[in-house]
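# Report on the structure
This is what each chain is made of:
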Amino acid sequence: MDGAVAQAPRVAVLTRPAGRNEALAQRLRGAGWTTCVLPALEIQPLPAAADLPRPAHFDLVIFVSANAARCYLDQLAQAGGPQSWPPAVVAATVGPASAAGLHELPAFGANTTVLHPGDQAPSHDSEALWDVLRGLPRLPARVLLVRGTQGRDWLGDQLQAHGVAVTRHAAYARRPAPWDASEFARLRRWAGQGVKPTWLITSGEGADAVRNHLLAAGLDAWWADCGFVLTHPSLAGRVPDSGPQAMVKICLPNDESIFQAFVAA
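Here the structure is a predicted model, which means the values were calculated and not measured.

Within the structure shown, the criterion is met by nine aromatic pairs. Summarising the aromatic geometry, the rings of W199 and W222 are spaced 6.3 Å apart at their centres and angled 75° between planes, so their arrangement reads as edge-to-face. Separated by 23 residues along the polypeptide, W199 in strand 9 (residues 198-201) and W222 in helix 8 (residues 220-224) bring together distant segments of the chain. We note that W199, like W222, is buried. Seen in terms of ring centroids, W223 and F228 are 5.4 Å apart; in terms of plane orientation they differ by 90°. Their pairing is edge-to-face. Comparing W223 with F228 shows no difference in burial state: the two are buried. The side chain of R27 reaches across the aromatic face of F259, ending 3.9 Å from its centre.

Printed below as a string of structure tokens:
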């Protein structure tokens, strides 16, 4: 139409690890978005060590994510063959999405108890899980905390401060995912066209990996003018601060909340 102003394309860059972006990307495309699946980090499972902690030695095993559970169960299988989860050992994780991922794993039977913050919890993180654990008749005496080689120590510290014996165990490492030349070319093309995507950032390590990639490519100033969907308030300090006009949305770390944050942008 003569005189019409072309609407800038809505572009979503999804940076969660490989395999976790596709359903969200499809839904966003159905809502009119152009999507770019560009993982910031890759998950590298660690081999089982000789001193691998066994779940039967604990009252509660906390998984920071479904990936943590998957990698830990693989380690158990390496150490002694496939095992079913001990029915007396309670599992816990940080939210309903991670809990659903645990229940999908064959080792967890239908009767396995998985504690987690509910759908209506204000956040799905260590603080929310701590609220759940504090609501128990008593805290477990022995807790295994399964995580990556890097991560927050806040929950483990809280448990220890309340007399709980906490064993921390790394089941995987998170490394910056490599981006190939075609991906950098696409980002440069968008920057040259004035396209400002909205980036999904779900971890501090992921934010750092994205920033380092874009800094090396000379695209850091362009990134500072983009929008962001963050899955925790603490991540606001890990992305560029573009002033009061910057588009930053904070939401829960599940596909429904992330989708709504994008479409409300």
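On domain assignment, one finds that the chain holds domain 1 (11-40 + 178-264) and domain 2 (43-175). Using C-alpha coordinates to define each centre, domain 1 is positioned 28 Å away from domain 2. Taken together, the nine residues of domain 1 in the interface contact 14 residues of domain 2. When domain 1 packs against domain 2, close to 700 Å² is buried across both sides, 55% of that on carbon and sulfur atoms. In terms of surface lost to domain 2, no three residues of domain 1 exceed E205, H232 and L252, which account for 56% of the buried area on that side. Linking domain 1 with domain 2 are one salt bridge. Across the salt bridge formed by E205 and R174, the nearest N and O atoms sit 2.9 Å from each other. On the surface where domain 1 and domain 2 come into contact, there are two residue pairs in polar contact (both at pLDDT 80 or more). Split by residue class, the side of domain 1 that touches domain 2 holds four nonpolar, three polar and two charged.

Time to look at the nonpolar core. With 26 residues, the main nonpolar core has L187, W199 and I201 as its most contacted residues. Elements with a minimum of two residues in this core: strand 1 (11-14), helix 6 (181-193), strand 9, helix 7 (204-216), helix 8 and strand 10 (227-230). Per-element accounting of this core gives the leading share, four residues, to helix 7. For I201, the residues in contact, after removing those within four places along its chain, are T15, A207, V210, F228, V229, L230, T231, L235 and V239. Formed by 24 residues, the second largest nonpolar core is a distinct cluster that contains A91, A99, A107 and V114.

Here strand 4 (residues 60-63) shows a buried face lined by L60 and I62 and a second buried face lined by V61 and F63. Across three bridges, strand 4 lies against strand 5 (residues 90-92) in parallel orientation. Within the sheet, the bridge partner assigned to V61 lies in strand 5 and is A91. As judged from the four bridges shared by strand 4 and strand 7 (residues 142-148), these two strands associate in the parallel manner. Paired with I62 across the strands is L145, a residue of strand 7.

Turning to the confidence of the model for the chain, a few remarks are in order. Mean pLDDT over the chain works out to 90, with 94% of the residues at or above the 70 mark. Predicted confidence is poor over residues 1-6, with pLDDT under 50, and the contacts of this stretch with residues over four places away or in other chains come to zero contacts.

On the basis of which strands lie adjacent, the open sheet formed by five strands has the order 2-1-9-10-11 and parallel pairing. Of all the strands in the sheet, the pair left with one neighbour each is strand 2 (34-37) and strand 11 (248-250). In this sheet, neighbouring strand axes are inclined to one another by 20° on average, regardless of whether the strands run parallel or antiparallel. Pairing geometry for strand 1 and strand 2, over four bridges, is parallel. Pairing of A12 across the sheet is with T35, part of strand 2.

About the cut-offs
Residues numbered from 1 in each chain as written. Predicted model: local features only at pLDDT ≥ 70, side-chain atom pairs only at ≥ 80, totals over all residues. Heavy atoms only, no water. Phe/Tyr/Trp six-rings, centres within 6.5 Å; stacked < 30°, edge-to-face > 60°. Helix = DSSP H or I, 4+ residues; strand = E, 2+ residues; numbered from the N terminus. Buried < 20%, exposed > 50% of the residue type's maximum accessible area, 1.4 Å probe, protein only. Lys NZ or Arg CZ within 6 Å of the ring centre and 35° of its normal. Domains from an automatic or database assignment. Contact = heavy atoms within 4.5 Å. Buried area = accessible area lost by both parts, 1.4 Å probe. Salt bridge = Lys/Arg side-chain N within 4 Å of Asp/Glu carboxyl O. Polar contact = N/O pair within 3.5 Å; in protein donor to acceptor, adjacent residues only side chain to side chain. Nonpolar A, V, L, I, M, F, W, Y, C, P; charged D, E, K, R; others polar. Core = buried A, V, L, I, M, F, W, Y, C linked by side-chain atoms within 4.5 Å. Pairing = 2+ DSSP bridges. pLDDT = per-residue confidence, 0-100. Axes fitted to C-alpha atoms, helices over the stretch in contact; angles between N-to-C directions.

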